[in-house]
Structures are given as structure tokens and as C-alpha cells.
Amino acid sequence: MSVPQPIIDLIRALNSGVTETIKKAEQVYSELKKQEPDQLVNSFIALIRTSQDELLRSYPPVLLRTLVNGNDSGNILKSLKPETLATLKTELMFAVRQEPKNYIRHSILNVIAILAIQLVPEQQWPEILKFIIESSSSPEENLRESSYYLIGSIIDDSRVAEALSPHFGEFALLAEKGLNDPSPKVQVSALETVSTFIDANPEKAEVFKPLIPAMLNTIQKTIEANLEKEAQKGILTFIIIAQYHSDWFKTSFDMIFKVFFQFLEHQSLEEETKHACLHFFLTFAEFKSSIMKKKMYLEPIVLLLLKWMSSVEDMDIKDWNALDTEPSDDDDSNVAFEAIEALSHCISKGLWEFFLQCAPTLLNSSNWKERYTGLMTLSSISEGCEKQIKTNFKLIIQSILPLANDSHPRVRFAFFYCLGSFASYLKREMQDLYKTLIPVSLEHLNDPFSRVTISNCEFLTLFLDEIKPSRVKEFKVPFLERLSPLLQNGDYKIVQHSLNAFSSVVDGIGEEFTQHYSQIMPFLIKILRTQTSVETKTLRGRAIETISLIGLAVGKKVFLGDCVQIIQYVSSLEKFKEDDPQVDFFLRAFTRFAQCLGEDFVPYLNYSMSPLMDAINGKVDNIVENPSEDFSDESNNSGSIIMENKAMALEMVSIYAMELKHHLFPYVEQLYKGSIELVDFPYNSLVAIQAVNLIPFLVKISKQHFETVGGLKDGMKTEFTNRLFLDSFERMAASIKTESEPDTLSAKLKALSDLMDIGGQCEQVEKILSLTFEVVNESFSTLQELENEYQENIDEEDEDADESPEREIIDDAYNSLAMVLGEVCIQYKEKAVTYIATVLPTMIELIESAPSVEIKTSMICILDDLIENGGQKAFELYPHIVKPMMNCTLPTLNPSLIQSAVFGIGLAAENGKDYFAPFLMESLQLINNVIVSVNQVPEKDEDLIGARDNAISAMGRIITNLPQHLGNNFPQTISLWLSYLPIQDDGEAGSIIKSLCILIRDFNQQIITPQYIVKVLEIIAVGLQKKVVNDNEKQIISVALRSQESLIAQSLSQLSAENQTLLTNFFKS
């Protein structure tokens, strides 16, 4: 057909580059789409097929792609006549065959792909498959390449992948033919197609497994032909397979390793190619560590990485000292640093064992780069190899300490950087060596190179976090002597980081810092008022952070005057921009001011709340197309900073809520409107989690307000609080049902539990229970799906495999779900039992077969709450719940699981009494087995002691609550129990005293005898020492022992001097 001249003119106008001309053309084009869609499509097809003008052939496919895109608002596909659509499909396939220009042909293929994605699932274009197959056998290279490009483009759509899944076998044969094609271009296109198939439908991609050798051969050929970009695409395919089907490589990995490792060692290959190969090995290590940990594979990789790390850029030392951070280009050195860290999380044991062999050579090398590499490697693997490092920790510290005095500043920098990493991941071990490490740090705080000093300050900040105050106070004087001069340094970066370390010191010194207050506070206030340049914004933030920490340390009495002046000064400043780095520091400082001043902060609450409200309610304009991406990774994106501030603001309000309680009530309604809308915030999970955490606080504040200010006995009874509670409960429940991220799900379940705790016995019990168990059932299903996904990625053949962070996240979500069910039992007592019974089979199944101890323990905790609060209805469930707990007491099991199980058995006996009788003797035998087995262990850790002492406590509960059922076994059971006392665990000390008092009261003649009196007195003394004997129990003991003064007097001498004193004072009082 002939193309109307106006359409040709339209295309030229759209390509004119003249803004006014383009705008007019777009208006014409918009009208044509509405009024003449068939003419427009037919004209475009005619131009693509017949025009000799390259512009008139190249631009119509671009326009067509939008016209037929089902996801585009300008889509006209449904308005086309059937004959136009038929012509479009046929002519596009012909156009691919005839088009000589690669870029135009690919543009046409993109139109076909968009069209096929909509038509193939509806079975409206069967001819396209025939076209693809025929094209793959064409004598023309371009057409063969087009067939693979096209199938790869359409199979990426999930609906197409599902529709074509029965044909995967045919596509595998097609791919094999492409991989053996004489053209490298066709081979690579076929290779990419395989990748797309696997990515689109990994479960049905097994038919492509036999193609591994051919795929590897294709990559080799592209390297030989100097087609590295194409080779990189091929390597990416192997990475995708390693992610979805690592088992495919079990028999061929040796061959793959040789080829890819040869690429890694190849000096002339592009960095991108080598790094792609390394990425493959790291991915394979993550999913198939049982193979990758073999020495023949792991050791060459580690040696190469160490070699790459040792190739760190040898830049001018002055230029290096002027940098803020280490160079972070994607060169071999930095890539290796990140790679060895990743390996440490997959193959920690094997990596550590081999690095131990390499470390002495590196750390003692005459080459500073190798010493630097040794330290930076220790730093990078400190988290992944944490368990292994702990076993060698003191030796490691001794081996690296000399490097604090290294002649090269970059090595000294790496030394403190390494210590900082250790302080993050091995905090207790590091802090136990404080007598060694603090002097080393203090000695080098005056290093001539600022970056070394800054690295040292960063180490100190991490090291002093949560340290015992006594350890800081021991070095108070040298800390202040060494850090104070740094605060006066002319380099604002040094001042900034030394302030950070100084803050940590103040936090440790506490109230003792009062005597130094007048010396340092004016200096800090001066920074706050004068350091207002762009460069010193962070310094100013550090200053107010330090001021606030000093305030907490010295207390309200000392700090009040300066604090008020600082608040008033900051309140007078111009409002910070949302992406200003000072925002974080100032907002956090104000929460500390509130902690310090308490109710005296209330007059300034409006100033501090204003920016928080703005941040919570602020819109995020810079939204990326994929909302699943975590914005926090884009640190330079202002949208990211705004969202970080939003999350921080929510966190800050939660702190104010804890500190100021009902004083926050005037803001509750507005805060609730802003935060409830963020519980499903899709762009940043931290925002959602912080919003979720805040919601229960707002309900609690409302309740407190009406009780404190309104004088009501129960603030939940007011219409406002009740409405707030019900709305938040319903919306949180609805949100949980659709939540699939385990960490966010965990936060939401915990919030639901908190809301129940705050709401108490609300009037709409059945509604709350019904809604809660909808959530519970949905959450059990979601967690099972997450567990299945997690288990699929575990390499079952690697007995040394470390549990990934995902394990802990899933366990935590189960624990939050247990909190919900536990709170249901606590709040609704017997009313909850019927509902709990509906999920009891799931709970029992998890207790018996869950893959982690934490999940089993969480489920047993629910049973504990059920037993304590469920009354008669709960006791009737004993045949279902006691036996599973008994099965968890075997001495071979995890001590934490045993501890929770024996505790539950003790509760069952104490609360259910006669209902527990059928399980009495077997339970006692199992509990005794636990005690005996733990006592046989020479060196007992806290977990073993906890398991044993909980078992002893449970035995006491059973004896005192079912004495009549023990019959003739009663005397010997008492004797056995007393022989195990006293216990070490503080948590069960109160339970032991309670059981002993019951026996003293009810069975005085069997207990207060020459045989047992010394043991009884010792148990009482321990209870007094631990301060777990209440007034009623003291009365029972006093009455029972009053008539046994002579026996007691004879027995006291057999006790320790401390216990004699405790008991003598007790009897006197």
C-alpha cells in the first residue's frame, strides 16, 4: 500500500529535533491513534517493508512497540481490526527476514516480542513458534541469531513461560543447535536464551542440563575470538544456573573450574571478564559449598584473591592521606577484598584453615602491600569466620600487635581497621583484652598521618560500645589526656572522629565525667555555634551528639542550664534541608535531651516533633521503577536520604513515647495517620518496620493520657483509644496477611502482640480472636513457604555449612508468631483454648520436626502460656501436649530445647495436677536423666547449666503438686531432689524456694530432719543471697524452723561463713 504523505511528514517531524515541531507532531500522532489506528499501523508496516529511507524504516518499529504494548497507556491493540492484526503479525515476520540493518532488525524483533507476550498466552499466534524454529535453520547468520534473540525476549514473561513450558524440550534441542552453530554470534545468542529459560522457569529447565559442555565450549570460543562482551554474557548464564540449579555442575565442575580459573589468571583479559568468572565461583560457593570447599578448588581461588589484594594501588602517600576512605574502584584489589568476605560466609572453616597457613607469610612480609593484605583479609573475614577466629583469638592479636608500629602508614591504618572489624563481630573477646588493646590505641592517637588516627578513633568507638564502665574508668585519665588534644586539632576530620571516640569514653565514665564538664562543654557549644560550613556539617553533628551523651552521663542537675540554652539556640536556626547530614545527629541528640530532662523537656517538644512529623509525612519523589530495590543502597540518591530520615523519625518518636509517655498525646492522631499508611511502605523495609513499631506506642500513649490526665481507671474504655486500638489492630492484621518478607512479618506480628497486651480484655473478644487466628493461620503458611525456600538453597552435602542470616530471620518471625499466640492465652484465658486447639496440630508438628531449635522452643513457649492461663480446657489437652514436650528432654538434644521442655513439664504438673498424673513417673525419669547427663559433663557452659537447673526446678514442682501420686516413691524422690540442690541458675532460684517452702509446710517431719537439715539451710541461704525469698515464704520458713533451734545451731557450723551470717541475720530478724 502507498503511505499517506501526512504520515511520512509526521515521522520526519517527530525526528526533527525541534521542540516546537515535535510538540505539534505529537498532538497529530495522538489524534491519529484515536481516530485512525488501523491506517497508522498499516502505514508503519508498509514503511518498514518497502521504504528505502533508513529513517522511515527505523522509526516506525519504535512507535509500534508503544502502540502494541499492553502495559502502555497508548496501547491500541484492542482497537485494531482483526485483518490489521493479522497483517501486522505476518508482515513483521517477513520484515525480520528482509531487513539488512542489525539495529532495525532488532527493533522489529522487539515489536514482535511485545506482541507475542500478549498473544501467545491466549494461543492467538501459533505461527510465531514455527517462524522461530524455521529461522534457526536459515542459511543467513542474522536470521539464525534473530530466532534465539526472539525466543529469549518472549520467554522472559512468566505467562509466556507457563504457556510454552510443554515445549521446553523442543527449545532445548533448538538451543543445542544454536550452541553448535558455526557463528559465534549465534552461539552467544543461544547461550543467552538458555539463561532466560532458566531464569523464567527454573523448575522446568532441567532439559537444558545436558547442554553444559556445549555452553562452556561456546564461552571458550568467544574468548578465543576476542569477543569478551559476548563471553561475559555466557558466564552470566552460568551464574544464573549456579543460583537456580547448582546441582547441574556436580559432575562437570572440574572442567568448568579449569576453564574459568584459566580466565581469572589470564593477564590480558578485561577485568569485567575475570570478575564475572569470580562472581560465578562465589555464587557456586554460596549454593554448593560442599564442592567449592575442596582444597583443589578453594585454595587456588584464595591464593589468587590474596595476590589481587596485594596489587593495591601504590599511590602517593600524601594523596592517600587526603582521602576520606580507601580507594573503592572496581579493580582487582577491591573486588578481591569483597570476594574473600563473601567466601568467608559460605566456606568459613576451609577458608580459615587455609588462610592460617598464608597469614604468617603475609603479616611478616618485607612488602608493605602483603602486610596490608594480611590485615585487610582478617578484617574482611572477621564476621564470616567468627567461630574459627574465636578459637585462635589471643594468638591472632599477638601476631598482629607489632604492626601497630609498622613503618608504612597504610599498614598502620589497616591494623586499626582490622581491630575495628574485630570489635564489631568479636566484641566480648576484644573487650576481654582491654588491658592490652587500650594502651596500644592510646599510644598511637598522635600518628603523623591523619587517616591512621581516624582509623584508630573509629576502632575505639566500636571497641568501647557496651563495654563494662569499670574498664573505661580504669583508663579515664589517659583517655582524656590523649583525646582532648585531638579535639583541638586543626583538621576538622580528626576532630570529628575523635569526638566520636570521646563520646564513647564519656558514655563509659558516666557521672564521673562531671568534674571535667566545665572544661569540655564550652568547647563543644562553640563548635555548634561556629562550625557552620558545608564541609563541617558532620563535625557539628558529632558535637551535638557528644553534648547529648555528656548530658546523659552527668545528669539533669549539671546539664539542665546548658541543655535549655542549646535547645533554644537550635530552635532558632533555619530549618535543615531533608538531605542534610546534620538531621540525623540533631534529632537523635534531642531524644537524649528528653531522656536527660524528663518532663522538663516537654516545653520544647513542639520544636523537636515538628521535623519528625515533616519527615514521617513527607513524600518521596525520587522513586525507582522497581520498588523491590532497597533505596538505602543508593546513598547518593536524595530520595534515599529522605527515606532514611523517615525511618529515623519514626524511631525517634518511639523513643519519645518511651520517655515522655502521655505528654505525647497531642500528636497521637496526626502521628497515627502518617505512620499507619507506612506499615506497607514498598520502597524501604526499614520505614515499614519502624512505622509498625510505633503503632502500639501510640495506642499506649492514648491509654496513659486518659488514665493520667483524665483520671480514668482504664484508658482503653474511652471512645478515642478504643477506636484507635481497633483500627490499628484490624489494619495490622490485614497487613500481616499479605506480608512475605520475614523480617517485616516478624515486626508486624510483634506489634500485634503488643497491641493485644495494651488492649487487654477489650469488649470485642470474639472479633479480636477471630481476626487474630486468621492472621495466625496465614502466618504459619507464609513461614512454611519461606522455610521451604530456605531449605531448597541449603547444600545438604556440606556438613560444615554455616547457617545463613535467613535462618535467624525466619526463626525470629516464628518467635514473634509465638508471642501473638502466647498473648492470646494470657489475655483471653479459657476463651482462647478453642482457637489454640485449631492450630495445635501445626504447633506439635513443628515441635517434632522443625529444622531449628529456635522454632521448636517458640512452639513450646506457646504451650507454657496455654498451660498457665488456659484452665480446665487446657488441662484436657494434656494428652496432646505433654508427650511432645517429654520427647524434647533427651540428653542428646540441644540444651536450650531441653530447658524449655522441662520447664513446660514442670508448669504442666504445677497447674494441671491430677491431669498430669498419667505422665508423672515417666516425666520424672526423663527429667532425672537430664540432670544426671549434665552432671557428668566436666566443663558445663551456661546452656547446659540452664537445662539442668530447669530440670531440677521441674522435679520440685512435680513433687510438691502431686505428692499423693508418688506414693511409696515420695521419700526417695525428695531425697534425690534435695541432693541436686542448690542450683546455679538465678532464673529458677525462686521456683526452688517455693517448692522447698511447700515441702517444709506440708511435710515438715520428713524434711526438717538431721538427714536433710544442712541441705535445707544451704538452699535457704542461697535463696536469701539471691533475694528470691518473699515475705510469705520467710514466714513459712520461720514457723517451720522455730522449734528446731538446737538442730539448726548444730548444723550451721557445716555451712560456709557467708551462709552462716545470712541465716543468723535472718533468724534474728
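Refer to the structure printed above.
First, a word on scope: everything that follows refers to the structure included in this document. (Residues numbered from 1 in each chain as written. Predicted model: local features only at pLDDT ≥ 70, side-chain atom pairs only at ≥ 80, totals over all residues. Heavy atoms only, no water.)

On to the overall build of the chain, then. Helices and strands together make up the secondary structure of the chain, namely 56 helices and 0 strands. When its C-alpha atoms are laid out on the principal axes, the chain stretches across 120 × 70 × 70 Å. Going through the 1069 residues of the chain one by one, you find that 56% of them count as buried. Taking the contacts inside the chain whose residues are at least 6 apart along the sequence as the reference set, 74% of them involve residues at least 24 apart. (Helix = DSSP H or I, 4+ residues; strand = E, 2+ residues; numbered from the N terminus. Buried < 20%, exposed > 50% of the residue type's maximum accessible area, 1.4 Å probe, protein only. Contact = heavy atoms within 4.5 Å.)

At a minimum axis distance of 8 Å, the contact between helix α21 (residues 368–380) and helix α24 (residues 409–425) shows a crossing angle of 10°. In terms of orientation, α21 and α24 fall into the roughly parallel class. Of the residues in α24, those touching α21 at Trp-368, Arg-371, Tyr-372, Leu-375, Met-376, Leu-378 and Ser-379 are Arg-410, Val-411, Ala-414, Phe-415, Tyr-417, Cys-418, Ser-421 and Phe-422. Of the residues contributing to the contact of α21 with α24, the split by class is 11 nonpolar, 2 polar and 2 charged. (Axes fitted to C-alpha atoms, helices over the stretch in contact; angles between N-to-C directions. Parallel < 35°, antiparallel > 145°, perpendicular 65-115°, else oblique. Nonpolar A, V, L, I, M, F, W, Y, C, P; charged D, E, K, R; others polar.)

Attention now goes to the packing of helix α31 (residues 517–530) against helix α32 (residues 537–554). Closest axis-to-axis distance for the α31/α32 pair is 9 Å, and the angle between their directions is 150°. As far as their axial angle goes, α32 and α31 are roughly antiparallel. Considering the relative orientation of α31 and α32, their crossing is left-handed. Listed contacts from α32 to Tyr-517, Ile-520, Met-521, Leu-524, Ile-525, Ile-527 and Leu-528 of α31 are Leu-539, Arg-540, Ala-543, Ile-544, Thr-546, Ile-547, Ile-550 and Val-554. Taken together, the residues of the contact of α31 with α32 sort by class into 13 nonpolar, 1 polar and 1 charged. (Left-handed = near helix turned anticlockwise from the far one by under 90°.)

Its place among the elements puts Gln-964 in helix α49 (residues 963–966). On the accessibility criterion, Gln-964 (52% relative accessible area) is exposed. Each C-alpha atom, one on Gln-964 and one on Ala-917, is 9.9 Å from the other, the two residues being 47 residues apart in sequence.

To continue, consider the nonpolar core. In this structure, Phe-208, Phe-260, Phe-280, Phe-422, Phe-593 and Phe-601 are the most contacted members of the largest nonpolar core, which totals 391 residues. Ranked by residues supplied to this core, first place goes to helix α42 (residues 805–849) with 20 residues. (Core = buried A, V, L, I, M, F, W, Y, C linked by side-chain atoms within 4.5 Å.)

In total, this model carries 0 disulfides according to the counting rule given. The structure places no disulfide on Cys-277, whose sulfur is separated from the nearest cysteine sulfur, that of Cys-346, by 18 Å. For the unlinked cysteine Cys-825, the closest cysteine sulfur is that of Cys-861, found at 12 Å. Under the relative-accessibility criterion, Cys-825 is labelled buried at 1%. (Disulfide = S-S within 2.5 Å.)

This paragraph deals with the packing of aromatic side chains. For the structure shown, the criterion picks out 48 aromatic pairs. Centroid distance Trp-352 to Phe-355: 6.2 Å. Interplanar angle 40°. Geometry classified as tilted. One end of the pair, Trp-352, and the other, Phe-355, are both in helix α20 (residues 348–363), 3 residues apart, so they sit about a helical turn from each other. Accessibility classification places Trp-352 together with Phe-355 in one group, the buried group. (Phe/Tyr/Trp six-rings, centres within 6.5 Å; stacked < 30°, edge-to-face > 60°.)

Oppositely charged side chains are able to pair whenever their charged atoms sit close together. Considering all chains together, one arrives at 44 salt bridges under this definition. Put simply, Glu-270 and Lys-229 hold a salt bridge, and the shortest N to O gap is 3.4 Å. Here Lys-229 lies in helix α13 (residues 228–244) and Glu-270 lies in the loop between α14 (253–265) and α15 (271–287), a separation of 41 residues in the sequence. Look at Lys-229 and you get partly exposed, because its relative accessible area is 46%. Where Asp-811 meets Arg-807, a salt bridge forms, and the shortest distance between an N and an O atom there is 2.9 Å. Here Asp-811 pairs with Arg-807, and both are found in helix α42, just 4 residues apart, close to one helical turn. (Salt bridge = Lys/Arg side-chain N within 4 Å of Asp/Glu carboxyl O.)

Here we take up the side chain of Thr-718. Relative to the helices and strands, Thr-718 resides in the loop between α38 (685–708) and α39 (719–737). At 3.1 Å, the side chain of Thr-718 and the backbone oxygen of Gly-715 are in polar contact. Every residue in contact with Thr-718, bar those within four places of it in the chain, is listed here: Phe-706 and Leu-712. (Polar contact = N/O pair within 3.5 Å; in protein donor to acceptor, adjacent residues only side chain to side chain.)

In this section: the environment of Gly-17. Considering the arrangement of structural elements, one finds Gly-17 in the loop between α1 (5–14) and α2 (19–35). Classification of Gly-17 by relative accessible area gives exposed; the value is 62%. Spatially, the C-alpha atoms of Gly-17 and Gln-515 are 73 Å apart, while their sequence positions differ by 498 residues.

As a further point, take unusual backbone geometry. Between Leu-981 and Pro-982 the backbone carries a cis peptide bond, its omega angle lying at -5°. Within the secondary structure, Pro-982 sits in the loop between α50 (970–979) and α51 (989–1002). Its identity is not glycine, yet Lys-661 carries a phi of approximately 50°, on the positive side. Secondary-structure assignment places Lys-661 in the loop between α36 (638–660) and α37 (668–676). The exposure class assigned to Lys-661 is partly exposed, which follows from its relative accessible area of 39%.

Another aspect to go through is helix α4 (residues 54–67). Look at α4: 21 Å from first C-alpha to last across 14 residues, which is about the 20 Å you get at 1.5 Å a residue. Every buried residue of α4 is accounted for by Leu-56, Arg-57, Ser-58, Tyr-59, Pro-60, Pro-61, Leu-63, Leu-64 and Leu-67. Looking at the buried residues of α4, the elements they touch are α1, α2, α3 (37–50), α5 (82–98) and α6 (102–119). Among the residues of α4, the N-terminal cap falls to Asp-53, whose side-chain oxygen and the backbone nitrogen of Leu-55 are separated by 2.9 Å. (Expected span 1.5 Å × (residues − 1).)

With that settled, consider the environment of Asn-961. As for its position among the elements, Asn-961 is in helix α48 (residues 942–961). Each C-alpha atom, one on Asn-961 and one on Asp-795, is 48 Å from the other, the two residues being 166 residues apart in sequence.

Now for helix α47 (residues 920–935). Here α47 contains 16 residues, and its C-alpha end-to-end distance of 23 Å stays within 8% of the 22 Å for a straight helix at 1.5 Å per residue. Looking at α47, one finds that the buried residues are Leu-920, Ser-923, Leu-924, Leu-926, Ile-927, Asn-928, Val-930, Ile-931 and Val-934. Buried residues along α47 sit against α45 (878–886), α46 (895–912), α48, α49 and α50.

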